[in-house]
Amino acid sequence: MNPTIQVNPALRAVRFGNAVTAALIGSWDKNNGMFGNGDCLLVDVRHRVFALSDASERSPQASRRLLQAIAAGMCTAPWPECLHSAWCSQPYVQKATFVGIQLQMNPRPEAVVFSGGDSTLLIFDGRTGKILYRNPVNMHFVGRMSAAPSPVRVPLTPESRILLASDGLTDVLDRNDDGHPPQFLRSMNHPQSWLAWLLDEVRRLRHEAFLHDDIAVINIDPFALKDINPCDGILLGGTTASEEKTFVHTALPNQWFSIDRAACTGYLKTMGLITIPLPE
C-alpha cells in the first residue's frame, strides 16, 4: 500500500505529501497523435533520488530507458554507481538530457547534482525566490558522451527548495520575459498554487497559439521528506505517440486519488506512469 502517494490523472501529476510534487504537460501538438512525449521523470523517495530526462520526439522512450536503468540499478548498487552504469549502457543513437540529484542529510544537508544537456535544476530560497544554484547548460548528453558528468555538491538550508524542469518550462517563462521569476519560485512553497499557476499559464499561451515544448517538472522540499514513509518510486513519461494519443483522448478525472486506487482503475497506464516497488 502507498497511502503517501497521490495522483491526479487529468493533470498528469503526482505528489508525495507536501515534500514532492511532479507533473508532465504535453506540448501543443500532442492532440494529433503524431508524437510521443520525450520528457520523463523519476521520483525515488526511499533513496532520496530525483531525476528528469528529455529525449527527442523521434526517440521519446530514450529518456524512460535511462531512468528505468537507474531505478533498476539502485536495487543492487549505490548512487552514483547506478547512474554511471545506466549512462554507459545507453545506446549512442538514444540521446537525452539528464538532471538528477541525491539528497544527503548527514553529516550535513546537501544535494549531489549531476547534469548534462539543457534541462534545468535550480536550488533556491523558498521564502525570497533567490536562486542559490543553477546548473550550467552544456552538451554533455547521455547517448552522446560515454561517461556521466562529474557531480556538484550544493549545501542546503531549511529554506532550500529544488526545481527540476525540462526546457518546456523555460519556453513558458521566457514568453513572459521572466526567466525564472522570484514570484513563481516563491509560489513553489505551496504545491497546489504553483501547479495551478503553471497550468493556467500554459492554457493562456495556447489560446495565443504559442508553441511550447513538453514540460516535465519536479518540486522538492528536502526537509519535508523526513515526514514521508518509505513508499514505491514512480516513473512518469517517456511515452510513444500511441500512448500520448490515448492519454489525450481519454476522459480522466481532475481529482486526487491514492496511487493504489488509481492503479485499480487503469489510470496509471493511461497517464504513462510506472511504479517502482519497494524491495520485499
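Coordinates for the structure precede this section.
Let me sum up the structure you'll find in this document.

With respect to the pattern of salt bridges
Tallied over the full model, the rule gives six salt bridges. E244 serves as the salt-bridge partner of R12, at 2.6 Å between the closest nitrogen and oxygen. On the criterion of sequence distance, the pair formed by R12 in the loop between β1 (5-8) and β2 (13-16) and E244 in helix α6 (residues 241-248) is long-range, its members being 232 residues apart. Grouping residues by exposure puts R12 and E244 together as buried. Between E110 and R153 there is a salt bridge, with the nearest N and O atoms lying 2.5 Å from each other.

A look at unusual backbone geometry
Geometrically, the link from W79 to P80 is a cis peptide bond, its omega value of 10° lying close to zero. Summarising the element assignment, P80 is placed in the loop between α1 (61-73) and α2 (81-89). With an omega of 0°, the peptide bond running from N106 to P107 counts as cis. Mapped onto the elements, P107 comes out in the loop between β6 (98-104) and β7 (110-116). Positive phi, normally seen in glycine, also occurs at R12, with a value near 55°. By relative accessible area, which is 1% here, R12 ends up buried. Unlike most non-glycine residues, R48 shows phi in positive territory, near 55°. Along the polypeptide, R48 turns up in the loop between β4 (37-44) and β5 (49-54).

Description of the environment of A196
Position of A196 among the secondary structure elements: in helix α5 (residues 191-207). Remark: the alpha-carbon pair of A196 and C264, spanning 68 residues in sequence, is separated by 26 Å.

Concerning the environment of L205
Within the element layout of this structure, L205 appears in helix α5. Taking the relative accessible area as the measure of exposure, L205 reaches 1% and is therefore buried. Through-space distance from the C-alpha of L205 to that of V172 is 7.8 Å; in sequence the pair is 33 residues apart.

Observations concerning the sheet that holds strand β9 (residues 131-134)
Reading across from one edge, β9-β8-β11-β12-β3-β2-β1-β14 is the order of the eight strands in this open sheet, with antiparallel pairing throughout. In this open sheet, the two strands that pair with only one neighbour each are β9 and β14 (257-258). For β2 and strand β3 (residues 20-25), the ladder comprises four bridges, and the chain directions are antiparallel. If you follow F16 over to β3, its bridge partner there is V20.

Quick look at the pairing of β2
On β2, burial covers both faces: A13 and R15 on one face and V14 and F16 on the other are all buried. Taken together, the four bridges between β1 and β2 define a ladder with antiparallel strand orientation. Counted as the bridge partner of Q6 is R15 from β2. Remark: four residues form the turn of the hairpin made by β1 and β2, two consecutive strands paired antiparallel; R12 in that turn has positive phi of roughly 55°.

A word on α1
In this model α1 runs 18 Å from its N-terminal to its C-terminal C-alpha over 13 residues, within 8% of the 18 Å that 1.5 Å per residue would give. Among all positions of α1, only A62, S63, R64, L66, L67, I70, A71 and G73 are buried. Residues of α1 that are buried make contact with β4, β5, α2, β6, β13 (233-239) and β15 (273-276).

Overview of the packing of aromatic side chains
By convention here, two paired aromatic rings are described through the distance between centres and the angle between planes. One pass over the structure, following the stated rule, counts three aromatic pairs. An angle of 80° between the planes, with centres 5.7 Å apart, marks the rings of W79 and F114 as edge-to-face. Here F114 lies in strand β7 and W79 lies in the loop between α1 and α2, a separation of 35 residues in the sequence. You can call W79 buried: its relative accessible area is 11%. For F114, a relative accessible area of 1% puts it in the buried group. Arranged with centres 6.1 Å apart and planes meeting at 85°, the rings of W87 and F98 form a pair that is edge-to-face. Here F98 lies in strand β6 and W87 lies in helix α2, a separation of eleven residues in the sequence. For W87, a relative accessible area of 1% corresponds to the buried category. The exposure class of F98 is buried, given its relative accessible area of 0%. The ring of F247 has R12 lying over it, and the distance from NZ or CZ to the ring centre is 4.1 Å.

Calculation notes
Residues numbered from 1 in each chain as written. Predicted model: local features only at pLDDT ≥ 70, side-chain atom pairs only at ≥ 80, totals over all residues. Heavy atoms only, no water. Salt bridge = Lys/Arg side-chain N within 4 Å of Asp/Glu carboxyl O. Helix = DSSP H or I, 4+ residues; strand = E, 2+ residues; numbered from the N terminus. Buried < 20%, exposed > 50% of the residue type's maximum accessible area, 1.4 Å probe, protein only. Pairing = 2+ DSSP bridges. Expected span 1.5 Å × (residues − 1). Contact = heavy atoms within 4.5 Å. Phe/Tyr/Trp six-rings, centres within 6.5 Å; stacked < 30°, edge-to-face > 60°. Lys NZ or Arg CZ within 6 Å of the ring centre and 35° of its normal.

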